[in-house]
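Observations on chain architecture
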Amino acid sequence: MAASDSISGVAEIPEGSRHDLRHDLTPDAPETENYSDQEGAFGYVHSYETGSRLDGPGVRIALFVSGCPLRCQYCHNPDTWQLKHGVRVSAERVIERIGHFAPALRAMQGGLTISGGEVLVQVAFAGRILRAAKGMGLHTAIETSGFLGARANDEFLNQLDLVILDIKSGDPDTYRRVTNRDLEPTLRFAERLSAVNKPVWVRFTLVPGLTDSPPNVETVAKFVAPMKNVEWVEVLPFHQLGAFKWKALGLEYKLADTPPAPPELVARVIGQFRDAGCNAR
Ligand code: SF4
């Protein structure tokens, strides 16, 4: 039994903002890299937020799971990278909690979004929760980097009304510099979502001096523009809200001196996406 489990085998799901620092909640959790989530009866949850308007249509409950194989330089939540940074809870417990909010979420044309960390680290756990949410008549979404897209089988995709896909760069070298991983799996996942006509919102985080070069933006825009399933490209201006977490975790934060993306830069990049034929905002 994990340290955070109660006698009954379940633990409370931490409520709060995605910007709350949480770490080492389950110190004996497996390493993210070695984790194989076959059953999905239990998983590791960082936090959840109710009333979110940022993570899909309507008013939503956003569930943040822990574990991520990427190391984005601009990550706002490095306290979600390791499974141990989450509380081990049963899927049943999470589903019960979502059930309390389901009538209100339906009334506000909202639903459930599972984010992270990287949701596909815990694909079976997420799949169980998404299936249950669909059973409650909720709109369902995930936010993912797509790096582990091959783990999402067709049954998993069938539980989703929307995929919010972070394409962090178009140039492979820049992508690796930003994330410490390869771009290719994300592009293949995007193509698969396009082939099954799954609704997608693409997110692009705009970091001055890192992801903002016109050719880098252009490559993402030209890749996405022909995909009819992509409803929106959302340009997210870099901010420093997560900086304190890097410090608290003793991590080297390379963007300490990077300014927030100014409005004229955001406008230029949105313009590039629009010029390529994307619905961008
Ligand atoms: S994919 Fe998300 S959680 Fe993972 S490092 Fe990047 S920004 Fe952070």
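The rules behind these values
Residues numbered from 1 in each chain as written. Predicted model: local features only at pLDDT ≥ 70, side-chain atom pairs only at ≥ 80, totals over all residues. Heavy atoms only, no water. Pairing = 2+ DSSP bridges. Helix = DSSP H or I, 4+ residues; strand = E, 2+ residues; numbered from the N terminus. Axes fitted to C-alpha atoms, helices over the stretch in contact; angles between N-to-C directions. Contact = heavy atoms within 4.5 Å. Core = buried A, V, L, I, M, F, W, Y, C linked by side-chain atoms within 4.5 Å. Buried < 20%, exposed > 50% of the residue type's maximum accessible area, 1.4 Å probe, protein only. Salt bridge = Lys/Arg side-chain N within 4 Å of Asp/Glu carboxyl O. Near = heavy atom within 4 Å. 1 Å grid on protein atoms, 1.4 Å probe; cavity = no way out; pocket = protein on both sides within 12 Å on 5 of 7 lines; lining within 4 Å. Sits in = over half its atoms within 2 Å of the grid points. Nonpolar A, V, L, I, M, F, W, Y, C, P; charged D, E, K, R; others polar. Left-handed = near helix turned anticlockwise from the far one by under 90°.

Examining the sheet that holds strand β2 (residues 60-65)
Pairing is mixed across the open sheet formed by 8 strands, whose spatial order is β3-β1-β2-β4-β5-β6-β7-β8. In this open sheet, the two strands that pair with only one neighbour each are β3 (87-90) and β8 (230-237). Strand-to-strand twist in this sheet, taken as the mean axis angle between neighbours without regard to direction, amounts to 30°. As paired elements, strand β7 (residues 200-206) and β8 share 7 bridges and run parallel to each other. Paired with valine 202 across the two strands is valine 233, which belongs to β8. Packing against the sheet, helix α5 (residues 184-195) makes contact with β5 (139-144), β6 (162-166) and β7, and its axis sits at approximately 155° to β6. Each of β7 and β8 touches helix α8 (residues 263-275); the most contacted strand, β8, lies at about 160° to it.

Topic: the nonpolar core
If you look at the biggest cluster of nonpolar residues, it comprises 81 residues, and the most contacted ones within it are Ile114, Phe156 and Phe273. No other element matches the 6 residues that helix α2 (residues 123-135) contributes to this core. The residues contacting isoleucine 114, other than those within four sequence positions of it, are Leu63, Val65, Val119, Ala126, Ile129, Leu130, Ala141, Ile142 and Glu143.

Some thoughts on the pattern of salt bridges
Applying the stated criterion across every chain, the model contains 13 salt bridges. Lysine 245 is paired through a salt bridge with aspartate 79; the nearest N and O atoms lie 3.0 Å apart. Taken together, the residues lysine 245 in helix α7 (residues 243-248) and aspartate 79 in the loop between β2 and β3 connect sequence positions 166 residues apart. You'll find lysine 245 and aspartate 79 in the same group, each marked buried. Linked through salt bridges whose partners overlap, the residues forming this network are Glu143, Arg203, Glu234 and Arg281.

Thoughts on the site of the ligand
The immediate surroundings of the ligand are formed by Cys68, Leu70, Arg71, Cys72, Cys75, Thr80, Trp81, Gly117 and Lys168. More than half of the atoms belonging to the ligand lie within 2 Å of the grid points that define the largest pocket. Residue classes in the shell around the ligand are distributed as 5 nonpolar, 2 polar and 2 charged.

So, the packing of helix α6 (residues 214-224) against α8
Their axes nearest at 9 Å, the elements α6 and α8 cross at an angle of 35°. By crossing handedness, the relation of α6 to α8 is classed as right-handed. Facing α6, whose interface residues are Pro214, Val217, Glu218, Val220 and Ala221, α8 presents Arg268, Val269, Gln272 and Phe273. Taken together, the residues of the contact of α6 with α8 break down into 6 nonpolar, 1 polar and 2 charged.

Structural measurements only, silent on function.
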